[in-house]
Amino acid sequence: MKAAYIERTGSPSVIQYGDLPDPQIEPQQVLIKTGAVSVNPIDTYIRGGANFWELPQPFIVGCDLAGTVVEVGSAVTELRPGDRVWASNQGLLGKQGTFAELCAVDADWVYPTPDGVRDEDAAAVALVAITAHLGVIQEAQLKSGETIFVRGGAGGVGSMVVQMAKAIGARVITTAGGKAKADLCRELGADEVLDYQVDDVATKLLEYAPEGVNVFWETLRDPDFDMSVASMAERGRMVVMAGRDARPEFPVGPFYVKGCSLHGFVMFKAPAPQQRACAADINHWLAQGQLRPIIDRVLPLGEAANAHQLQEEHTLQKKSSLRGKLVLKPE
Ligand SMILES: NC(=O)c1ccc[n+]([C@@H]2O[C@H](COP(=O)([O-])OP(=O)(O)OC[C@H]3O[C@@H](n4cnc5c(N)ncnc54)[C@H](OP(=O)(O)O)[C@@H]3O)[C@@H](O)[C@H]2O)c1
């Protein structure tokens, strides 16, 4: 099979595209013929050497995929050849990744793709939607009628947070870089959008939410906690989930006096049953058209190195150069 893989960590150019042996499934696994995969920032960190676990050799990059089951292990009862499915959380903690024509995946991590949802769309939402669900519903416990601020409403995670928050009846304030992305956020349902390229976000946020926001979701890798704590309401919940190397100052006094709480998590440490519960809601929202995948472009799988380069420029170098997910398809 064709696959995008690495034999050593490094820059995007270490990604090779070529033939690897077809994977053999274990009893608890299914073999999926890949229809589409998507790029996440974590793919670039792992390829760059940020993994704190041993990588399979060679290591196929990627966490997300959608496709069709072609073979089922002897211990798998819920899935059959021909089922359309999606999965996330691959390529992590020692597991093989997804950027290949065929993937062997533990059935625990495989979810049905709703009728009418394309592989491109299911792959585009996988990791980012599970992350948003874990944060919005399980960590921050956002309620109908509350106000959430999410930084980066046109981003991978941010666009999912905006839509899930609207689906549960919250008021959403978000930021975007430029008019086109601000318009996109409004299309996704955001009530107020600040253009961080021209607006003073801290000042405007206090205008839009004078009592403070109930949930502050930070997606930036270098958070400004003075700004975020100042804009939170009493008993506010802050979600942090980015910026491994960030060591910003933290305004302890203003934070605890308001009775706020801080919620940090990585999606890939959430156990399979917890992620499956997220996937059930995500599938419901996808089927109802309440969760819209945002895709910047679809590339051939052979362009994985280029896709990593584009993702790094956008997320790490903050070039704001993408408008949605990078999706790749086997040729
Ligand atoms: N903890 C976890 O489980 C978890 C899961 C997924 C992702 N993450 C992390 O969360 C972060 C976001 O992930 P993602 O997939 O959403 O990435 P992404 O799609 O690249 O989104 C990045 C966001 O940052 C915004 N942004 C860029 N430069 C900015 C600036 N100067 N000021 C304000 N906003 C700016 C972008 O806005 P514009 O496009 O509008 O410019 C975009 O919305 C990454 O660091 C990722 O590693 C963590």
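Given the structure is predicted, the values throughout are model-derived calculations rather than measurements.

Enquirer: How would you sum up the overall build of the protein chain? Please name residues and give values.
Expert: Looking only at helices and strands, the protein chain has nine helices and 16 strands in total. A globule of 331 residues ought to have a C-alpha radius of gyration of about 20 Å, and the protein chain, at 20 Å, matches this closely. Its C-alpha atoms give the protein chain principal-axis dimensions of about 60 × 40 × 35 Å.

Enquirer: I'd like to hear about the site of the ligand, residue by residue, with values.
Expert: Around the ligand lies a shell of 29 residues, among which Gly152, Gly155, Gly156, Gly177 and Ser320 are the nearest. Of all the secondary structure elements, the ones that give two or more residues to the shell around the ligand are helix H1 (41–48), helix H2 (119–139), helix H3 (156–167), strand S10 (171–176) and helix H9 (304–315). Residues of the shell around the ligand, tallied by class, amount to 13 nonpolar, 12 polar and four charged.

Enquirer: Pulling in residues and values, what's your account of the sheet that holds strand S9 (residues 147–150)?
Expert: Within a beta sheet, neighbouring strands are joined by backbone hydrogen bonds and run either parallel or antiparallel to one another. Across the sheet, six strands lie side by side as S11-S10-S9-S12-S13-S14; this open sheet has parallel pairing. Unpaired on one side and paired on the other, strand S11 (192–195) and strand S14 (261–264) mark the two borders of the sheet. Across this sheet, the average inter-strand angle for adjacent strands is 15°, counted without regard to direction. Pairing of S9 with S10 involves four bridges; the strand directions are parallel. By the bridge assignment for S10, Phe149 is matched with Ile173. Lying on the sheet, helix H5 (residues 201–208) is in contact with S9, S10 and S11; it crosses S11 at an angle near 165°.

Enquirer: Account for the sheet that holds strand S2 (residues 16–19), naming residues and giving values.
Expert: Spatial ordering of the open sheet is given by S2-S1-S4, a layout of three strands whose pairing is antiparallel. The two strands at the open ends of the sheet, each matched to only one other strand, are S2 and strand S4 (59–60). Taken together, the four bridges between strand S1 (residues 2–6) and S2 define a ladder with antiparallel strand orientation. In the sheet register, Lys2 faces S2, and the bridge partner there is Asp19.

Enquirer: Which residues make up the packing of H2 against helix H8 (residues 272–288), and what are the values?
Expert: One way to put it is that H2 packs onto H8 with a least axis distance of 9 Å and a crossing angle of 110°. It follows from the interaxial angle that H2 and H8 lie roughly perpendicular. Between H2, through Val125, Ala129, Ile130, His133 and Leu134, and H8, the contact on the second element is made entirely by Gln275, Cys278, Ala279, Asp281, Ile282 and Leu286.

Enquirer: Summarise the environment of Asp119; cite the residues concerned and give the values.
Expert: Take Asp119: it is sitting in helix H2. By C-beta crowding, Asp119 is classed as buried, having 21 other C-beta atoms within 10 Å. Sequence-wise, Asp119 and Ile295 are 176 residues apart; in three dimensions their C-alpha atoms are separated by 12 Å. Excluding residues that lie within four positions of it along the chain, Asp119 makes contacts with Gly35, Ala36, Ala66 and Gly67.

Enquirer: Describe helix H4 (residues 179–187), listing the residues and the values that go with them.
Expert: Residues of H4 that are buried: Lys181, Ala182, Leu184 and Cys185. What you see down the axis of H4 is that its buried residues fit within an arc of 155°, all on one side. With respect to the buried face of H4, the exposed residues turned more than 90 degrees away are Lys179, Ala180 and Glu187. Of the surrounding elements, those touching the buried residues of H4 are H3, S10 and S11.

How each quantity is defined
Residues numbered from 1 in each chain as written. Predicted model: local features only at pLDDT ≥ 70, side-chain atom pairs only at ≥ 80, totals over all residues. Helix = DSSP H or I, 4+ residues; strand = E, 2+ residues; numbered from the N terminus. Rg over C-alpha atoms; globule rule 2.2 N^0.38 Å. Near = placed C-beta within 6 Å. Nonpolar A, V, L, I, M, F, W, Y, C, P; charged D, E, K, R; others polar. Pairing = 2+ DSSP bridges. Axes fitted to C-alpha atoms, helices over the stretch in contact; angles between N-to-C directions. Contact = placed C-beta atoms within 7 Å. Parallel < 35°, antiparallel > 145°, perpendicular 65-115°, else oblique. Buried ≥ 20, exposed ≤ 12 C-beta atoms within 10 Å, placed from the backbone. Arc of directions from axis to C-beta.

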